[in-house]
Amino acid sequence: MHPAETIDLHRKGSATAAATIRGLSDAELAASGTVLKGLPPMTAEQLIAGGLLGHIDEHYGSIRKTVGH
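Residues numbered from 1 in each chain as written. Predicted model: local features only at pLDDT ≥ 70, side-chain atom pairs only at ≥ 80, totals over all residues. Heavy atoms only, no water.

Let us look at the overall build of the protein. Each helix and strand in the protein was counted, giving three helices and two strands. Secondary structure elements of the protein occur, N-terminal to C-terminal, as α-α-β-β-α. A compact globule built from 69 residues should have a C-alpha radius of gyration of about 11 Å, whereas the protein, at 15 Å, is more than 25% larger. Viewed in the frame of its principal axes, the protein has a C-alpha envelope of about 40 × 25 × 20 Å. Taken as a whole, the protein presents about 5700 Å² of accessible surface, with 62% of it coming from carbon and sulfur. Averaging the coordinates of the 6 positive side-chain charges in the protein and doing the same for the 7 negative ones gives two points 7 Å apart. (Helix = DSSP H or I, 4+ residues; strand = E, 2+ residues; numbered from the N terminus. Rg over C-alpha atoms; globule rule 2.2 N^0.38 Å. Areas by Shrake-Rupley, 256 points an atom, 1.4 Å probe, with all protein chains shown as cover. Lys, Arg positive; Asp, Glu negative; His and termini not counted. Charge placed at Lys NZ, Arg CZ, Asp CG, Glu CD.)

Right, dumping it as structure tokens:
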């Protein structure tokens with residue numbers, strides 16, 4: 001995939017994810033459940049913060065290291 005295509009795909013996916021997250025109510029963000037067997041339940045907010053945002057930060061760090069920034 002060409003870098004410009006990758007960036008465009010990221011922008012579209014980010015916009016969709018952001019719109020979905022912004023549409024969640026406080027009650028929906030506070031809802032919890034088992035995500036991984038053997039671990040304590042997580043709220044939707046925790047999953048978003050750790051699983052989505054934290055994961056993206058890891059990718060950005062890897063990209064920055066690769067391009068030397």
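Let's shift gears to the confidence of the model for the protein. Mean pLDDT for the protein: 88, with 99% of residues reaching 70 or above. Predicted confidence in the protein is weakest over helix α3 (residues 44-67), with a mean pLDDT of 82, and strongest over helix α2 (residues 26-30), with 98. (pLDDT = per-residue confidence, 0-100.)

Here α3 spans 33 Å end to end across 24 residues, near enough to the 34 Å set by a 1.5 Å rise per residue. For α3, the principal kink sits at G54 and spans about 25 degrees. One or two residues past the end of α3 sits G68, with phi positive at roughly 80 degrees. (Expected span 1.5 Å × (residues − 1). Bend = angle between axes of the 7 residues up to and from the residue.)

As a further point, take the pattern of salt bridges. One pass over the full model with this rule turns up one salt bridge. Taking the shortest distance from any N to any O, the salt bridge between D8 and K12 comes out at 3.2 Å. Taken together, the residues span about one helical turn, with D8 and K12 both in helix α1 (residues 3-22) at a distance of four residues. A relative accessible area of 37% means that D8 is categorised as partly exposed. Residue K12 is classed as exposed on the basis of its relative accessible area, which comes to 52%. (Salt bridge = Lys/Arg side-chain N within 4 Å of Asp/Glu carboxyl O. Buried < 20%, exposed > 50% of the residue type's maximum accessible area, 1.4 Å probe, protein only.)

Here the focus is the environment of A27. Summarising the element assignment, A27 is placed in helix α2. Sequence spacing of A27 and A44 is 17 residues, and the spatial spacing of their C-alpha atoms is 9.5 Å.

A cluster of nonpolar side chains, contributed by V35, L36, L39 and L47, occupies part of the molecular surface with about 340 Å² of accessible area. With respect to the helices and strands, the residue L47 is situated in helix α3. Taking relative accessible area as the criterion, L47 reaches 39% and is therefore assigned partly exposed. (Patch = residues over 30% accessible without salt bridge, like charges linked within 9 Å, V, L, I, M, F, W, Y side chains within 5 Å.)

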